[in-house]
Amino acid sequence: MKRTLIVACMVALSGCSALNRMGNSLASGNVRGAVSAGQELEAERKKLEAKQAKCKAFENQKATYEEETGIGGAVALNLAARTSGIYIEISPELASSMPQAGVKPKPGKGPKTDLTAYVNRIGKTLAANSERPGLDWTFVVLDSTTPNAFSAPGGYVFITTGMIASVENEAQLAGVLGHEIGHVTGRHAMTAYGKTKATSCTAAMAAGIGTSAAKDAVNLSGEFELLLSAANIDLNKASADLIVKLSDGLADELVSRGNGPEYEFAADGVAYDLLVFSGYDPNEFEKLLAKLPDGGFLTPHPGNKDRVAKLAPRKAEFADFATGLKAPALDPVAKAVKK
Amino acid sequence: MTRASSLLVAACLALALPALAVKPGGKLYIKTKDTKVLDKADAKGKVVGTLQPGDEVVWQGADAKEKQFHAVEMGKVKGFTLQSNLSPSKPQTELLARDNGAPIDGKAFASSGAATKALNEAALKAAGKKQTKAELVKGLATAEGVAASVTVESKGGAK
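Residues numbered from 1 in each chain as written. Chains lettered and ligands numbered in written order. Predicted model: local features only at pLDDT ≥ 70, side-chain atom pairs only at ≥ 80, totals over all residues. Heavy atoms only, no water.

Student: Explain the overall build of chain A to me, using residue names and the numbers behind them.
Tutor: From N to C terminus, chain A includes 15 helices and three strands. Burial status across chain A gives 55% buried among its 339 residues. When contacts within chain A are restricted to residue pairs at least 6 apart in sequence, those whose partners lie at least 24 apart make up 68%. Element-wise, carbon and sulfur atoms account for 55% of the exposed surface of chain A, whose accessible area totals about 13,800 Å². (Helix = DSSP H or I, 4+ residues; strand = E, 2+ residues; numbered from the N terminus. Buried < 20%, exposed > 50% of the residue type's maximum accessible area, 1.4 Å probe, protein only. Contact = heavy atoms within 4.5 Å. Areas by Shrake-Rupley, 256 points an atom, 1.4 Å probe, with all protein chains shown as cover.)

Student: I'd love a proper account of the sheet that holds strand β3 (residues 156–160) of chain A, names of residues and values included.
Tutor: Residue and element names in this part refer to chain A. Read from one edge of the open sheet, three strands run β1-β3-β2, paired in mixed fashion. Bordering the open sheet on either side are β1 (138–142) and β2 (149–152), each of which pairs with just one other strand. Put simply, the sheet's adjacent strands are angled 20° from each other on average, direction ignored. Looking at chain direction, β1 and β3 are connected through five bridges and run parallel. Looking at β3, one finds that Val-140 is bridged to Phe-158. (Pairing = 2+ DSSP bridges. Axes fitted to C-alpha atoms, helices over the stretch in contact; angles between N-to-C directions.)

Student: For the packing of helix α6 (residues 115–128) of chain A against helix α8 (residues 170–185) of chain A, give the residues involved together with the corresponding values.
Tutor: If you want to describe how two helices pack, look at the angle between their axes and the distance between the axes. All names here are of chain A. At a closest axis distance of 9 Å, the pairing of α6 and α8 adopts a crossing angle of 60°. Judged by the inter-axis angle, α6 sits oblique to α8. In terms of crossing hand, the pair formed by α6 and α8 is right-handed. Here Tyr-118, Val-119, Ile-122, Gly-123, Leu-126 and Ala-127 of α6 lie close against α8, whose contacting residues are Glu-170, Leu-173, Ala-174, Leu-177, Gly-178 and Ile-181. Considering only residue class, the contact of α6 with α8 consists of nine nonpolar, two polar and one charged. (Parallel < 35°, antiparallel > 145°, perpendicular 65-115°, else oblique. Left-handed = near helix turned anticlockwise from the far one by under 90°. Nonpolar A, V, L, I, M, F, W, Y, C, P; charged D, E, K, R; others polar.)

Spelled out as structure tokens, the structure:
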């Protein structure tokens, strides 16, 4: 009985004082006091279970625009921090047009300049055809020779110079960006975010008192309780601890597990559609998929044959519409990356 | 396979490949502001109507010769418009919860004092807590600045 109560105490947030009272009561032979403390422990355990059950609701809670863009910015920085950096060389002309950024241009880079603007021109054209043209889309080039692309909620799309170097033409580059746009418009990462929120909430509620992390854990449990009772969540008003906890959890999930095969197939479908409606030849996307490493570069993806096969029905669906589509050569700023 | 698992498989397949056949008589959406509908597949054609983003049109197919012009109908407006003015899906409107679901325009929101883009408060708080390198924050803010300076050309992507 005592062991059961001790275990119950370990998972209860505020049960340790009750455990102490129970231990003291038992030591002094005060059976009635021990029973009373045990009942208190049981009540605490039930309260904790009730709170944790509420945490589960986060899994299916639809995030507001503010919450999506809030976690999106934090995760974008989090993911970018795991890379070798952002490709920020821009031309003096472009820098002068956006003095608010406070960026000093690096002249003498020749064709390397304006690559970010080029990628944004393609990406924003595709995004204009998407279900969410009103998102504040930002396409970011990462300075990494490893071919990769990923996205964060709210309209952030990242592509490495290595991926740009691996595409043969603008249609293939658009295909990569379109796939990531598909993850954002489908709010795919928000599914993982809901689970991250629920898991973090559950852990915060259960965090024990007396550990070195107790103070933070208790603070987060209180903040999660406030979020549970809030009609809408705006992470811009949340504590830095909470934002870091959630963005770390979501970024870890996206890097280690990816979005899952169903969402990857869905994003391929969106990419195909966006290519067609933006005037790009979608066959180039298929060619690109076929030559990618099977299973993805860094994050898990379905096999290439399956991805190409899933796109096959779309050819028939778009046969009448997809006329006069092109695969333009890459702009010199992108070709320079290939060297 | 049980009925439940069959339904689950069907649901997964539907998720993976949502049906979007574009056949004559099918629905498409206007994506470009003040889209002109012309009486013939020619840029010099007479304007028979002006449509707006989100307008649903019936697609009748590409012109046999001028393939970039596609025949569309919306009520009494019938004619040709550029393929690049058409979109497969009706654009969703982003809604601000704090203003009781008021619709926003992403660009307007980004340029307003509410966003001042260059990263939201949540991102900056997290960056500060994690001691993310200042150049990374600056780099992402710069990319946002570049993105904001890029305007989408109405004639579409591929030239």
